[in-house]
Amino acid sequence: MKTFDLNIRLETREKNYSLIEISGYLDAHTVNMFENRMEEILESGEQNMVLDLLDLNYISSAGIGALMSLTQRLRKKHGDLVLLRPNRKVYKILDLLGFTKIFVVALDEKEMEDFFKSKKQEQK
Amino acid sequence: MKTFDLNIRLETREKNYSLIEISGYLDAHTVNMFENRMEEILESGEQNMVLDLLDLNYISSAGIGALMSLTQRLRKKHGDLVLLRPNRKVYKILDLLGFTKIFVVALDEKEMEDFFKSKKQEQK
Amino acid sequence: MYDMGDEFSLEIHCPGTTRILSHIRPFICSIARDMGFSDEEIAQIEISVDEACSNVLSHAYGNSLPGDYRFDFQPSYQIRIALKVAKDHLQITINDFGVGNKKGPHVGVRNLEEYAQKGHGLGTYIIKKFMDKVEISYPEDSGTQVSMVKFLSR
Amino acid sequence: MYDMGDEFSLEIHCPGTTRILSHIRPFICSIARDMGFSDEEIAQIEISVDEACSNVLSHAYGNSLPGDYRFDFQPSYQIRIALKVAKDHLQITINDFGVGNKKGPHVGVRNLEEYAQKGHGLGTYIIKKFMDKVEISYPEDSGTQVSMVKFLSR
Ligand SMILES: Nc1ncnc2c1ncn2[C@@H]1O[C@H](COP(=O)(O)OP(=O)(O)O)[C@@H](O)[C@H]1O
Ligand SMILES: Nc1ncnc2c1ncn2[C@@H]1O[C@H](COP(=O)(O)OP(=O)(O)O)[C@@H](O)[C@H]1O
């Protein structure tokens, strides 16, 4: 059976965010599909998005660019994009390029929840 | 760090056989190394050999040929070669080609021990 | 799956060294997997390509006899692997620039009994067993050409 | 590691379709791993090659603007990837037969702030950051040539 290039699964819609599982690879080939799917979720009015990257094996500039514009759009709405538990390789690439300073990266679910808590605190 | 092409590790010398772990791939590139190592073990007077193939990822005709001549040489000495727990892919290739009828293949340690027991019985 | 409406081709030109085999394999498997072949079919394609390439290394460039595996590194000795990815099949053509059929006919064994006796001829047997179409020819400007096709079962 | 005493080269000619990218990557990684590069270095080489190939698809064949990713499938559009495996380095050269520098200079952003504003130019930035030597040229008979080298640290 064919293993898919990119799988996107809307996991839950929590009170404050949508959790979306991304598996496969995010490159110039799959980025259009990714952007279209994210667009749908954005249009449903979502302010915060969490991408679970556990099974994302590869990301290139096309994918990083899509994450970048998604982040920018959510931040305009005072929301944010959280990259949850990227694997070693994806984390390393993002880190070496400096993107771990731009994106919100959470290494586990606790870090993600802490991020949303402290954000709520700030907004009070 | 480099992951090796082929790793060969003499695990134990039991009373009746040598257990040798083979990991990596056994193709035209690595077959010479394999044959040399097997030759050393043969020369030490071994009559029965068990190759633990759990971590063998690939075998081609070069590798099958080496197993074939090893089998033939051990059988001349009234010994045998047992292929222990090959993975699905390696097993499938051997099976589709008909080699599971020529080689002694043991899917687990129990099957291997049963083989040696019944062989002992026969020789009595 | 390739849903581009059209087939496409690609080529690899690589040196006649056994070291290359372990790099060719994941490339071929990646394409076959993407086309929708099953794990079993992928393994069949993988070994068939590997056998044809190994044969180039052991026979095409004339410093070994059947059954005598000496894989010397000679960088000028090339293997060309051409892939044609089509909607319902994968065609793989392996070319070398070696001795062609000057050393004798390119035939494998007919069965495993024959192989157990002779100790060689298994490569061609495997290719013919696992691929749906196999053609061996000797183009004028090159040595041997082995062309093989595997059809998608679905 | 390659202990054959000599370097060797190989080439891949493939069509300008994004689908090919996911097949090229494991091939490049397999060779880099075999040469002894670390996991981190392998990831750097992988993405650099991927960026150069993606650029061919998005820019070389003239139906898209910077930042506008339209990867149409046009089988006549080729990418050539040449690898030179040497004792202490890997050289990868990517050639296309497209517009070359007719659309403007081939430069990336200088830093991430610039990228955050412009929204493009990251590919070249990545290649320059991760590879030890990068040369971009415009051969007469072809479009753009991006040549990159990574040295083995050990
Ligand atoms: N690329 C080639 N160039 C020249 N001769 C070849 C080539 N491939 C195969 N042959 C010939 O075909 C015979 C059968 O090949 P094969 O079935 O793979 O078995 P083996 O390699 O064990 O001899 C070889 O012995 C050789 O004479
Ligand atoms: N193969 C190519 N052919 C023609 N132009 C290219 C090629 N590669 C890159 N370029 C040019 O270089 C610019 C920078 O490329 P890059 O840094 O990858 O960023 P981006 O692809 O986001 O524009 C491109 O916008 C394009 O104008």
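Residues numbered from 1 in each chain as written. Chains lettered and ligands numbered in written order. Predicted model: local features only at pLDDT ≥ 70, side-chain atom pairs only at ≥ 80, totals over all residues. Heavy atoms only, no water.

*Asks:* Even after reading the chapter, I still don't get the site of ligand 2, so can you show me in this structure?
*Replies:* All names here are of chain D. Near ligand 2 lie 17 residues; those nearest to it are Asn55, His59, Asp96, His106 and Thr124. In this structure, an oxygen atom belonging to ligand 2 sits 2.6 Å away from a side-chain N or O atom of asparagine 55. One nitrogen or oxygen atom from the side chain of threonine 144 is found 3.3 Å from a nitrogen atom belonging to ligand 2. Within the complex, 95% of the 540 Å² of free accessible area of ligand 2 lies under protein. At four residues, the largest contribution of residues to the shell around ligand 2 is made by helix H2 (residues 39-60). Here the shell around ligand 2 is built from residues that sort into six nonpolar, ten polar and one charged. (Near = heavy atom within 4 Å. Polar contact = N/O pair within 3.5 Å; in protein donor to acceptor, adjacent residues only side chain to side chain. Areas by Shrake-Rupley, 256 points an atom, 1.4 Å probe, with all protein chains shown as cover. Helix = DSSP H or I, 4+ residues; strand = E, 2+ residues; numbered from the N terminus. Nonpolar A, V, L, I, M, F, W, Y, C, P; charged D, E, K, R; others polar.)

*Asks:* Honestly, the interface of chain C and chain B in this entry has me stumped. Any pointers?
*Replies:* A common way to report how large an interface is uses the accessible area buried once the components associate. With 24 residues of chain C in contact, the opposing surface of chain B contributes 23 residues. Regarding the contact of chain C and chain B, the summed buried area is about 2,000 Å², with carbon and sulfur atoms giving 61% of it. Here chain C is connected to chain B by four salt bridges. In this structure, B:Asp5 and C:Arg19 form a salt bridge, with 3.3 Å as the shortest nitrogen-oxygen distance. Scanning the region where chain C abuts chain B turns up ten residue pairs in polar contact (both at pLDDT 80 or more). Among the secondary structure elements, those contributing two or more residues to the side of chain C that touches chain B are helix H1 (21-35), helix H2 (39-60), helix H3 (112-118) and helix H4 (122-130) of chain C. At eight residues, H2(C) tops the list of elements feeding residues into the side of chain C that touches chain B. The residue makeup of the side of chain C that touches chain B, split by class, is twelve nonpolar, five polar and seven charged. (Contact = heavy atoms within 4.5 Å. Buried area = accessible area lost by both parts, 1.4 Å probe. Salt bridge = Lys/Arg side-chain N within 4 Å of Asp/Glu carboxyl O.)

*Asks:* Explain the pairing of strand E5 (residues 145-151) of chain D here, please?
*Replies:* Each regular strand displays side chains that alternate between the two surfaces of the sheet. Residues and elements named next belong to chain D. Of all seven residues that make up E5, five are buried, and the element is covered over most of its length. In this sheet, E5 lies alongside strand E3 (residues 89-96) in antiparallel orientation, the contact comprising seven bridges. Bridge pairing in E5 links glutamine 91 to valine 149. Two elements, strand E4 (residues 133-137) and E5, share five bridges in a ladder whose sense is antiparallel. Its bridge partner being in E5, serine 137 is matched across the sheet by glutamine 145. (Buried < 20%, exposed > 50% of the residue type's maximum accessible area, 1.4 Å probe, protein only. Pairing = 2+ DSSP bridges.)

*Asks:* So what exactly am I meant to see when it comes to a negative patch on the surface here?
*Replies:* All names here are of chain A. Together, Glu14, Asp108, Glu109, Glu111 and Glu113 make up a negatively charged patch on the protein surface. Along the chain, aspartate 108 turns up in the loop between strand E6 (104-106) and helix H4 (109-123). Residue class for aspartate 108 comes out partly exposed when judged on its relative accessible area of 37%. (Patch = residues over 30% accessible without salt bridge, like charges linked within 9 Å, V, L, I, M, F, W, Y side chains within 5 Å. Lys, Arg positive; Asp, Glu negative; His and termini not counted. Charge placed at Lys NZ, Arg CZ, Asp CG, Glu CD.)

*Asks:* Could you clarify how one ought to interpret the packing of helix H1 (residues 31-43) of chain A against helix H2 (residues 61-76) of chain A in this entry?
*Replies:* In a pair of packed helices, the angle between the axes and the distance between the axes together describe the arrangement. All names here are of chain A. The geometry of H1 relative to H2 is characterised by a closest axis approach of 10 Å and an angle of 15° between their N-to-C directions. Regarding the angle of H1 to H2, the classification is roughly parallel. Here the hand of the crossing between H1 and H2 comes out right-handed. Across the interface between the two elements, Val31, Phe34, Glu35, Met38, Glu39 and Leu42 of H1 pack against Ala62, Gly63, Ala66, Leu67, Leu70, Arg73 and Leu74 of H2. Residues that form the contact of H1 with H2 fall into these classes: nine nonpolar, one polar and three charged. (Axes fitted to C-alpha atoms, helices over the stretch in contact; angles between N-to-C directions. Parallel < 35°, antiparallel > 145°, perpendicular 65-115°, else oblique. Left-handed = near helix turned anticlockwise from the far one by under 90°.)

*Asks:* Would you take a moment to explain unusual backbone geometry for this structure?
*Replies:* Across residues other than glycine, the phi torsion is negative in most instances, and most of the peptide bonds are trans. Residue and element names in this part refer to chain A. Of note in the backbone geometry, histidine 78 takes a positive phi value of approximately 60° without being a glycine. Within the secondary structure layout, histidine 78 lies in the loop between H2 and strand E5 (80-84). Overall, histidine 78 belongs to the exposed group, its relative accessible area being 59%. Not every positive phi belongs to a glycine, and arginine 85 is a case in point at roughly 35°. Along the polypeptide, arginine 85 turns up in the loop between E5 and helix H3 (88-97).

*Asks:* Mind showing me how you'd approach the site of ligand 1 here?
*Replies:* Residues and elements named next belong to chain C. The environment of ligand 1 is made up of 17 residues, and the closest members are Asn55, His59, Asp96, His106 and Thr124. Here an oxygen atom of ligand 1 sits 2.6 Å away from a polar atom, N or O, in the side chain of histidine 59. Contact between ligand 1 and threonine 144: a nitrogen atom at 3.3 Å from a side-chain N or O atom of the residue. Notes on ligand 1: free accessible area 540 Å², of which the protein chains cover 95%. Elements that contribute at least two residues to the shell around ligand 1 include exactly H2 and H4. In terms of residue class, the shell around ligand 1 is made up of six nonpolar, ten polar and one charged.

*Asks:* How should the packing of aromatic side chains be read in this particular structure?
*Replies:* The description of an aromatic ring pair rests on the distance of the ring centres and on the angle between the ring planes. Scanning the model with the defined rule gives nine aromatic pairs over all chains in all. Ring geometry for A:Tyr17 versus A:Phe116: centroids 4.9 Å apart, planes at 5°, classification stacked. Taken together, the residues A:Tyr17 in the loop between strand E1 (6-13) and strand E2 (18-26) and A:Phe116 in helix H4 connect sequence positions 99 residues apart. In this pair, the class of A:Tyr17 matches that of A:Phe116, namely buried. With a centroid separation of 6.1 Å and an interplanar angle of 90°, the aromatic rings of B:Phe99 and C:Tyr115 are classed as edge-to-face. One end of the pair, B:Phe99, is in the loop between helix H3 (88-97) and strand E6 (104-106); the other, C:Tyr115, is in helix H3, on a second chain. For C:Tyr115, a relative accessible area of 3% translates into the label buried. Site record: aromatic cluster; members linked through ring pairs are A:Tyr17, A:Phe115 and A:Phe116. Here the basic side chain of D:Arg25 rests over the ring of A:Tyr25, its NZ or CZ set 4.7 Å away from the ring centre. (Phe/Tyr/Trp six-rings, centres within 6.5 Å; stacked < 30°, edge-to-face > 60°. Lys NZ or Arg CZ within 6 Å of the ring centre and 35° of its normal.)

*Asks:* How should the nonpolar core be read in this particular structure?
*Replies:* Burial of nonpolar side chains together is a common tendency in soluble globular proteins. A:Phe34 and B:Phe34 are the most contacted members of the largest nonpolar core, which has 156 residues in total. The contact partners of B:Phe34, leaving out residues within four places of it in the chain, are B:Leu6, B:Ile8, B:Ile22, B:Leu26, B:Leu51, B:Ala66, B:Leu67 and B:Leu70. (Core = buried A, V, L, I, M, F, W, Y, C linked by side-chain atoms within 4.5 Å.)

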